[in-house]
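Structure at a glance
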Amino acid sequence: MNLGNCPRCGRLYALNFRDVCSNCIKEMEQEYQICVDYLRENKGANIQELSDATEVSIKTITKFIREGRISIENAPNMMYPCEVCGMLIREGHMCDSCRTRLTKDLAGAAREVGQKDNNPIGGRTYNAVDKLRN
């Protein structure tokens, strides 16, 4: 039997498919049900209002949304924070500006690597093999 420490409460538990102990699974299910019940009564609530009213953390509510357990399709005010900057978004993990910045940074890094590969001195893994071919 594989054992691990629950990342939520720190207790030792037998590893399972949810990666948290059975007590935390029960607590999370109760938190989920509280959120669902609140949203049924307050369809226009945003994530901060939901968190304040239910005392469930925004991180946990975001997890429920990403898992598809809480639908934001019919909840126009329900958004969750971007993982990079915290701006409120409705899909994915990053807002458009963070995604654009990441794409630009990756393209710049790829260009730098490409320029290093074109350098005739070094930059290649098999210089000895390349010299034999010339």
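What you see is a predicted model, and the numbers here were worked out from it, not measured in a lab.

**Observations regarding the side chain of Ser 51**
- With respect to the element layout, Ser 51 can be found in helix α2 (residues 47–54).
- Look at Ser 51 and you get buried, because its relative accessible area is 11%.
- A polar atom in the side chain of Ser 51 sits 2.7 Å from the backbone oxygen of Val 56.

**Remarks on the layout of surface pockets**
- Estimates place the volume of the largest pocket at around 350 Å³.
- Lining the largest pocket are 13 residues, and of these Ile 58, Lys 59, Thr 60, Thr 62 and Lys 63 sit closest to its centre.
- No other element matches helix α3 (residues 58–66), which puts six residues into the lining of the largest pocket.
- Taken together, the residues of the lining of the largest pocket break down into five nonpolar, two polar and six charged.
- Estimated volume of the second largest pocket: approximately 250 Å³.
- Taken together, the residues that form the lining of the second largest pocket break down as six nonpolar, two polar and three charged.

**Points about the nonpolar core**
- Among the nonpolar cores identified, the biggest contains 20 residues, and Ile 61, Ile 65, Ile 70 and Met 78 are the most heavily contacted of them.
- With four residues, the single largest contributor to this core is helix α1 (residues 22–41).
- Both of domain 1 (20–79) and domain 2 (82–113) provide at least three residues apiece to this core.
- Once residues within four sequence positions are removed from consideration, Met 78 is found in contact with Leu 39, Ala 45, Asn 46, Ile 47, Leu 50, Ile 65, Ile 72 and Arg 90.
- Cys 6, Val 20, Cys 24 and Met 28 belong to the second-largest nonpolar core, a separate cluster that totals seven residues.

**What about a nonpolar patch on the surface?**
- Side chains of Met 1, Leu 3 and Leu 12 sit close together on the surface and give an oily, nonpolar patch of about 410 Å² of accessible area.
- Given a relative accessible area of 58%, Leu 12 falls into the exposed group.

**Some points on unusual backbone geometry**
- The backbone phi angle of Glu 55 is positive, close to 60°, even though this residue is not glycine.
- Structurally, Glu 55 can be placed in the loop between α2 and α3.
- We classify Glu 55 as exposed; its relative accessible area is 72%.

**Quick look at the environment of Arg 18**
- Position of Arg 18 relative to the elements: it lies in the loop between β2 (12–14) and α1.
- Not counting the four nearest positions on each side in its chain, Arg 18 is found in contact with Ile 25, Met 28, Glu 29 and Arg 69.

**Brief notes about α2**
- Looking only at α2, the buried set comprises Ile 47, Leu 50, Ser 51 and Thr 54. Down the axis of α2, the smallest arc covering the buried residues is 95°, so these residues share one side.
- In this structure, the buried residues of α2 make contact with α1, α3 and β3 (80–81).
- Here α2 starts with a cap whose side-chain oxygen sits 3.0 Å from the backbone nitrogen of Gln 48, and that cap is Asn 46.
- Looking one or two residues past α2, Glu 55 carries a phi angle of roughly 60°, positive in sign.

Parameters and conventions
- Residues numbered from 1 in each chain as written.
- Predicted model: local features only at pLDDT ≥ 70, side-chain atom pairs only at ≥ 80, totals over all residues.
- Heavy atoms only, no water.
- Helix = DSSP H or I, 4+ residues; strand = E, 2+ residues; numbered from the N terminus.
- Buried < 20%, exposed > 50% of the residue type's maximum accessible area, 1.4 Å probe, protein only.
- Polar contact = N/O pair within 3.5 Å; in protein donor to acceptor, adjacent residues only side chain to side chain.
- 1 Å grid on protein atoms, 1.4 Å probe; cavity = no way out; pocket = protein on both sides within 12 Å on 5 of 7 lines; lining within 4 Å.
- Points joined across faces, edges and corners; volume = space filled by probe spheres on them.
- Nonpolar A, V, L, I, M, F, W, Y, C, P; charged D, E, K, R; others polar.
- Core = buried A, V, L, I, M, F, W, Y, C linked by side-chain atoms within 4.5 Å.
- Domains from an automatic or database assignment.
- Contact = heavy atoms within 4.5 Å.
- Patch = residues over 30% accessible without salt bridge, like charges linked within 9 Å, V, L, I, M, F, W, Y side chains within 5 Å.
- Areas by Shrake-Rupley, 256 points an atom, 1.4 Å probe, with all protein chains shown as cover.
- Salt bridge = Lys/Arg side-chain N within 4 Å of Asp/Glu carboxyl O.
- Arc of directions from axis to C-beta.

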